Amino acid sequence: MAELDELLLQQRARRIHDLYDELNLRERGRVWTREEFMLGFMGDVGDLAKLVMAEEGAREMPGGRQALEHELADCLWSVLILAHRYDVDLRTAFGRTMTELEQAITARLPGER
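Here's what I pulled together on the structure shown here. Just so it is clear, the structure is predicted and the values come from calculations on it, not from any experiment.

At a minimum axis separation of 9 Å, helix 2 (residues 34-55) and helix 3 (residues 64-85) run at an interaxial angle of 155°. Relative to helix 3, the element helix 2 lies roughly antiparallel. Read as a crossing pair, helix 2 and helix 3 show a hand that is left-handed. In terms of residue class, the contact of helix 2 with helix 3 is built from 15 nonpolar, one polar and eight charged.

Following this line, the structure appears as structure tokens:
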């Protein structure tokens, strides 16, 4: 079931990506480059940071919890699209990275695990 969910997430993200390309072609005569997607992602991460601060009571932001959920989903979409545009297998990369991190962290913790 998890593989199906992952596939559906990727397909849905690519569908929205294709719609954005169609809209940008119609309105601007061009689509976003990979670099522009990255810049858009950075803007989303900035918005997410402000919403997390608001959630922690450190600042005021409109939208509350719903805005936080939206921005997290927006950032996930950006990661999925960047992985697609750079031909990165996220499942493999995530598994490898988590294994590397787990080994590095446990090597620094006292005692045996």
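The next point concerns the packing of aromatic side chains. Two measures describe an aromatic ring pair: the distance that separates the ring centres and the angle between the ring planes. As enumerated under the stated definition, the model contains three aromatic pairs in all. With centroids separated by 5.6 Å and ring planes inclined at 55°, the aromatic side chains of Y20 and W77 adopt a geometry described as tilted. Taken together, the residues Y20 in helix 1 (residues 2-28) and W77 in helix 3 connect sequence positions 57 residues apart. On the basis of relative accessibility, which here comes to 42%, the residue Y20 falls in the partly exposed class. Here a set of aromatic residues connected by ring pairs shows up, and it is made of Y20, W32, F37 and W77.

What follows concerns the nonpolar core. Counting residues in hydrophobic clusters, the biggest one holds twelve residues: A13, F37, F41, L48, L51, A67, L68, C75, W77, L80, I81 and L82. Breaking this core down by element, the ones donating at least two residues are helix 2 and helix 3. Element by element, the count of residues in this core is highest for helix 3, at seven residues. L68 has contacts with L48, L51, V52 and E55, leaving out every residue within four places of it along the chain.

What counts, and at which threshold
Residues numbered from 1 in each chain as written. Predicted model: local features only at pLDDT ≥ 70, side-chain atom pairs only at ≥ 80, totals over all residues. Heavy atoms only, no water. Axes fitted to C-alpha atoms, helices over the stretch in contact; angles between N-to-C directions. Helix = DSSP H or I, 4+ residues; strand = E, 2+ residues; numbered from the N terminus. Parallel < 35°, antiparallel > 145°, perpendicular 65-115°, else oblique. Left-handed = near helix turned anticlockwise from the far one by under 90°. Nonpolar A, V, L, I, M, F, W, Y, C, P; charged D, E, K, R; others polar. Phe/Tyr/Trp six-rings, centres within 6.5 Å; stacked < 30°, edge-to-face > 60°. Buried < 20%, exposed > 50% of the residue type's maximum accessible area, 1.4 Å probe, protein only. Core = buried A, V, L, I, M, F, W, Y, C linked by side-chain atoms within 4.5 Å. Contact = heavy atoms within 4.5 Å.

Remember that the coordinates give geometry; whether it matters functionally is a separate question.
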